Amino acid sequence: MQVEVDGRRLTISSLDKVLYPRTGTTKGEVLHYYAAIAPVLLPHLAGRCVTRIRWPHGVADGSFFEKNVPGGTPSWVHTAEVPTTGSRTGAGSGTLRFPIVDDVATLTWLANLAALELHVHQWRVDEHDQPLPPDRLVIDLDPGEPATLHECAQVALLVREALRERGLESCPVTSGSKGLHLYAGLDGVTIDDEVPDSDVVTAFAKEVAEELQASHGQLVTATMTKSRRGGKVFLDWSQNAGSKTTVSPYSLRGRERPTVATPLTWDEVAQVADDPLAFEQFTAEEVLARVAEHGDLLQLD
């Protein structure tokens, strides 16, 4: 089927293919979601290299990560070749060529490839496609069973205060999976009187995580060892490394249901910290309704 999006001709296929068997959600509905959410999603993708997780046969089947642009990528897709560590398949030694998703046509092209999850770095590229310093910090709050979103919300409030004490205001986003992400903008921010690079931001985030582990060890861990996470919330500070990516706000997740990484208010975080039944991870339909009512709640400026 040929469609025109933003003046670009695209071939889309298998609109009736079910990608989420539990809910019966089809590829056509995934395409609709990404087209409808584009006004708030695209600003969070702009200038960022996008790693995709694709489920060609739906979330009940296998998935794979994709960093380089695939064969057959349209010539009009904006791409950037950037250095990476451990690359064996890049356009050159030690490089990868990523897509940059800066328009609805590119977003539609990726959705048609069943790229349900869109993951991005904490840095952007400039007009010459050269990596810039990180423009945001992110801490991933990952609950170890039996901890849930409830415990993540309690810890998020602690992280918020720890960041605020260091001069950073943060915004909460559900991961769309199990936990929460906290973002803080770094534009104009200095750490130790210098513009921070990824290593400095990573060390800064690790310091916050270890401080909270020391003061709230019954609930918080900064240790990556999974066997030590039971019943605790792991503060993943490593998401700030230059090579690491985090699922983008407003991206779908490849879970049983079409859940979405969803920006929240701090009042909502406080609600679920008090009441574990206040809400769960939001679905695509719920997120579209939230955006229609509130707009984009994730403002890092």
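As the structure is a prediction and not an experimental result, all values here were calculated from the model.

*Asks:* Would you explain the sheet that holds strand β5 (residues 50-54) in this entry?
*Replies:* The pairing of strands in a sheet happens through backbone hydrogen bonds and is either parallel or antiparallel. Pairing in this open sheet of four strands is antiparallel, and the strands run β6-β5-β9-β15 from one edge to the other. Looking along the sheet, the strands with just one partner apiece sit at the ends: β6 (64-66) and β15 (246-247). For β5 and β6, the ladder comprises three bridges, and the chain directions are antiparallel. Residue Arg52 lies in a different strand from β6, and its bridge partner there is Glu66.

*Asks:* In this structure, what is going on with the pattern of salt bridges? I would like to understand it.
*Replies:* One side chain can pair with another of opposite charge once the charged atoms of both are near each other. Inspection of the entire model under this criterion finds 15 salt bridges. With its nearest N and O atoms 2.8 Å apart, the salt bridge here joins Glu81 to Arg97. Of the two residues, Glu81 is situated in strand β7 (residues 79-83) and Arg97 in strand β8 (residues 95-99); the sequence distance between them amounts to 16 residues. Of the residues examined, Glu81 reaches a relative accessible area of 31% and is grouped as partly exposed.

*Asks:* In this structure, what is going on with the nonpolar core? I would like to understand it.
*Replies:* General note: in soluble globular proteins, nonpolar side chains tend to be found buried as a group. The biggest cluster of nonpolar side chains holds 74 residues, and the ones touching the most others in it are Tyr34, Leu141 and Leu235. Ignoring sequence-local partners within four residues, the contact set of Leu235 consists of Ile139, Asp140, Leu141, Val155, Val159, Ala209, Leu212, Val220, Thr221 and Ala222. Core analysis: the second largest hydrophobic core is formed by eight residues, Cys49, Ala80, Phe98 and Trp123 among them.

*Asks:* What exactly am I supposed to notice about the side chain of Glu117 here?
*Replies:* Residue placement: Glu117 occurs in strand β9 (residues 115-120). Here His119 takes part through its side chain, which lies 2.7 Å from a polar atom of the side chain of Glu117. Only 3.1 Å separates the side chain of Glu117 from the side chain of Arg253, close enough to count as a polar contact.

*Asks:* In this structure, what is going on with helix α4 (residues 198-215)? I would like to understand it.
*Replies:* It helps to recall that an α-helix has 3.6 residues per turn; residues three or four apart then point in one direction. Helix length check: α4, at 18 residues, gives a terminal C-alpha distance of 26 Å against a target of 26 Å (1.5 Å per residue), a fit within 8%. Tucked into the core, α4 has its buried residues touching β10 (136-143), α3 (149-165), β13 (220-221) and β14 (233-236). With a side-chain oxygen positioned 3.2 Å from the backbone nitrogen of Asp199, the residue opening α4 is Asp197.

*Asks:* Teacher, can you tell me more about the confidence of the model for the protein chain here?
*Replies:* Keep in mind that low pLDDT regions are not for reading the predicted coordinates in detail. On average, residues of the protein chain carry a pLDDT of 94, and 97% of them reach 70 or more. Residue range residues 86-92 is modelled with pLDDT below 50. Its contacts to residues more than four positions away, or to other chains, number 11 contacts.

*Asks:* Before we go on, may I ask you to explain helix α2 (residues 104-112) in this structure?
*Replies:* Among the nine residues that make up α2, eight are buried, leaving the element largely enclosed by the rest of the structure. Among the residues of α2, those classed as buried are Ala105, Thr106, Leu107, Thr108, Trp109, Leu110, Ala111 and Asn112. On its buried side, α2 packs onto β1 (2-5), β2 (8-11), α1 (27-45), β5 and β9. Remark: Ala114 follows α2 within two positions and exhibits a positive phi of approximately 60°.

*Asks:* Would you explain the environment of Arg257 in this entry?
*Replies:* Within the secondary structure, Arg257 is located in the loop between β15 and α5 (266-274). Once the C-alpha coordinates of Arg257 and Gly176 are considered, the two residues, 81 residues apart in sequence, prove to be 9.8 Å apart. Every residue in contact with Arg257, bar those within four places of it in the chain, is listed here: Tyr20, Arg22, Thr23, Glu280, Gln281 and Thr283.

*Asks:* Looking at this model, I keep getting lost on unusual backbone geometry. Mind explaining?
*Replies:* As a rule of thumb, non-glycine residues mostly have phi less than zero, and peptide bonds are mostly trans rather than cis. With omega at 5°, the peptide bond leading from Glu145 into Pro146 counts as cis. The backbone of Asp6 shows a phi angle near 50°, a positive value even though the residue is not glycine. Structurally, Asp6 can be placed in the loop between β1 and β2. At Asp129, a residue that is not glycine, the phi angle is positive and equals roughly 65°. One can find Asp129 in the loop between β9 and β10. Residue classification places Asp129 among the buried positions, given a relative accessible area of 19%.

*Asks:* Help me understand the sheet that holds β13 in this model?
*Replies:* Strand order in this open sheet of five strands is β11-β12-β10-β14-β13, and the pairing throughout is mixed. Across the chains shown, the open sheet's two edge strands, defined by having one partner strand only, are β11 (170-174) and β13. Two elements, β13 and β14, share two bridges in a ladder whose sense is parallel. Note on β14: the bridge partner recorded for Thr221 is Phe234. Strands in contact with α4 are β10, β13 and β14; relative to β10, the strand with the most contacts, it is inclined by about 40°.

The rules we used
- The residue numbers shown here count from 1 along each chain, following its written sequence.
- Under the rules for a predicted model, residues below a pLDDT of 70 receive no local features and side-chain atom pairs below 80 are neither given nor counted, while totals for whole chains, interfaces and linings still include all residues.
- The side-chain numbers reported here are obtained from all heavy atoms of the structure, hydrogens and water having been left aside.
- Here, a strand pair is defined by DSSP locating no fewer than two bridges between the strands.
- Strands here mean DSSP runs of E at least two residues long; helices mean DSSP runs of H or I at least four residues long; both are numbered from the N terminus.
- Salt bridges are defined as contacts in which a side-chain nitrogen from Lys or Arg sits within 4 Å of a carboxyl oxygen from Asp or Glu.
- To sort residues, take the accessible area from a 1.4 Å probe on protein chains only and compare it with the maximum for the residue type: under 20% means buried, over 50% means exposed, and anything in between is partly exposed.
- We define a nonpolar core as any set of buried Ala, Val, Leu, Ile, Met, Phe, Trp, Tyr and Cys residues linked to one another through side-chain atoms lying within 4.5 Å.
- By definition in these notes, contact holds between two residues if any of their heavy atoms fall within 4.5 Å.
- We call two N or O atoms a polar contact when they sit within 3.5 Å, provided that within protein one can donate a hydrogen and the other can accept it, with sequence-adjacent residues counted only if both atoms are side-chain atoms.
- For a helix, the expected span equals 1.5 Å multiplied by the residue count minus one.
- The predictor reports its confidence for every residue as pLDDT, a score running from 0 up to 100.
- To obtain an axis, a line is fitted to C-alpha atoms, over the contacting stretch when the element is a helix, and the angle between two such axes runs from 0 to 180 degrees between their N-to-C directions.

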